[in-house]
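# A look at the structure
In case you want the letters, here they are:
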Amino acid sequence: MSLDLSNYELLCPAPLFVSEGERVLRSTGSWQDRAKWLMTEALAGTTAVADFEDLPNHTAPTADPWATTATGWGTKRAVMDQHDWFTELINRASELRLAVAPRPYWPQRRGNGLAHNGSTARDTRRDFARLIGEFADTGYLVEVFGEECVDDHSELPDASEVIDRRLGIPDLWPLAPETWDEDTFYGLIEVFHDLVSRPRMRRYHSYSGCGWHHSEFHNGPARVLYRWKVNELLREAGIEYELAAEGEDLGRLVAVTDDARSALVHRAINGSASDITTRIRHAIALFRGRDTTAESKRSAIVALAGILEERRALIKDQVGKPDEGALFEIANRYNLRHRKADQHGDYDEAFLEWIFWWYLATVELTNRLIASRGAG
């Protein structure tokens, strides 16, 4: 019996759902509780959990592993159990639709998009505060902020102090987005990236209505989900920054690039030998940071030029003279490396964009040339 996926919609990236789901399947003990918690988080609504709970649990000690059900034709067929169902759901996660925001309702379609106070209807800072509220409600801040319990009277960490120690700004919790300037807003985006941690287990404490308690924290999947949600929020608001997914500036706001350049960054970071990976990460961080300057961009280019200089013999062998020399003439003649009086310096900053991506692409090319030589 094949699983019908038409009623399920994902609230997170499919690869993240798969990786966490596979971990659930490898777990022992109360794996069903972990599975239900993951589906509660990752799938819209309660339909998937309800379908899961309707199935037999053949891993239970009293269950009949050979349970069957009659069909309309008088034959019998094995019933899919919870483990089989959840396994198929994870294996076919790539087929699931992503949940999307509802189509605009009448006020959004007919109105001018402004609230009574003149602010935009979708103020990004308030949206971000709501997003952090959702992470808090699902236990993603419990590891750093703690969690109240009627049976535990110990003092919880001061959330404002936790943020203040990192950002250097007091009294930011509870969040008050109407008070933030731009630096505070962007700083909080980066701080919460480092604070979130996904609870892989939760249990309900019924005494005195205490509520859910969370445990088994891991920051890896939490940060993947956080970047996905925050970057979507920034993209919808037309803000040309995103949280970096890798590199020295992991979890820091960087300038948005197209998919091809993002793929190039990924290949350059992950395909480089260990002796130059740190230098490449540093060059990328220098170049794409939110606070980058023309000087830091020049420094990034110089770092890449140094790597290419070390590989000059390889480039000369593969490209040949005099083409090989043209690669380095740019850095030497255009006020990038040696900074001599006779060098060109009155060029547009867009030139730095061109030379950086050209050099990074060349570094990635030499990585592949070195790898092919080794394979041969």
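Whatever comes next refers back to the structure up there.
Read on for an overview of the structure. (Residues numbered from 1 in each chain as written. Predicted model: local features only at pLDDT ≥ 70, side-chain atom pairs only at ≥ 80, totals over all residues. Heavy atoms only, no water.)

## A short note on the packing of helix α9 (residues 182-195) against helix α10 (residues 219-236)
The N-to-C vectors of α9 and α10 enclose an angle of 160°; their axes lie 9 Å apart at closest approach. Accordingly, the angle class assigned to the pair α9 and α10 is roughly antiparallel. Where α9 crosses over α10, the handedness of that crossing is right-handed. Across the interface between the two elements, L188, I189, F192, H193 and D194 of α9 pack against R223, Y226, R227, V230 and L234 of α10. Taken together, the residues of the contact of α9 with α10 break down into six nonpolar, one polar and three charged. (Axes fitted to C-alpha atoms, helices over the stretch in contact; angles between N-to-C directions. Helix = DSSP H or I, 4+ residues; strand = E, 2+ residues; numbered from the N terminus. Parallel < 35°, antiparallel > 145°, perpendicular 65-115°, else oblique. Left-handed = near helix turned anticlockwise from the far one by under 90°. Contact = heavy atoms within 4.5 Å. Nonpolar A, V, L, I, M, F, W, Y, C, P; charged D, E, K, R; others polar.)

## Quick word on the pattern of salt bridges
This structure, assessed with the given rule, holds 21 salt bridges. Linking R288 and D249 is a salt bridge whose minimum nitrogen-to-oxygen distance equals 2.8 Å. Placement of the pair is R288 in helix α12 (residues 274-288) and D249 in the loop between β7 (241-243) and β8 (253-255), with a sequence separation of 39 residues. Given the relative accessible area of 14%, R288 is considered buried. (Salt bridge = Lys/Arg side-chain N within 4 Å of Asp/Glu carboxyl O. Buried < 20%, exposed > 50% of the residue type's maximum accessible area, 1.4 Å probe, protein only.)

## Brief notes about a negative patch on the surface
Residues E155, D158, E161 and D171 make up a contiguous surface patch of negative charge. Among the structural elements, E155 can be located in the loop between α7 (142-145) and α8 (159-167). When its relative accessible area of 78% is taken as the criterion, E155 is described as exposed. (Patch = residues over 30% accessible without salt bridge, like charges linked within 9 Å, V, L, I, M, F, W, Y side chains within 5 Å. Areas by Shrake-Rupley, 256 points an atom, 1.4 Å probe, with all protein chains shown as cover. Lys, Arg positive; Asp, Glu negative; His and termini not counted. Charge placed at Lys NZ, Arg CZ, Asp CG, Glu CD.)

## A word on the packing of aromatic side chains
As enumerated under the stated definition, the model contains 22 aromatic pairs in all. Seen in terms of ring centroids, F135 and Y226 are 5.7 Å apart; in terms of plane orientation they differ by 50°. Their pairing is tilted. In this pair, F135 sits in helix α6 (residues 124-137) while Y226 sits in helix α10, placing the two residues 91 residues apart along the sequence. Since its relative accessible area comes to 4%, F135 is described here as buried. One cation-aromatic arrangement involves R202 over W212; the distance from NZ or CZ to the ring centre is 3.6 Å. (Phe/Tyr/Trp six-rings, centres within 6.5 Å; stacked < 30°, edge-to-face > 60°. Lys NZ or Arg CZ within 6 Å of the ring centre and 35° of its normal.)

## Overview of the packing of α8 against α9
Look at α8 against α9: their axes get within 10 Å of each other, and the N-to-C directions meet at 110°. For the element pair α8 / α9, the angle class is roughly perpendicular. Counting all contacts with α8, which are made through V162, I163, R166 and L167, the residues of α9 involved are T184, G187, L188, V191, F192, D194 and L195. Of the residues assigned to the contact of α8 with α9, the class counts are seven nonpolar, two polar and two charged.

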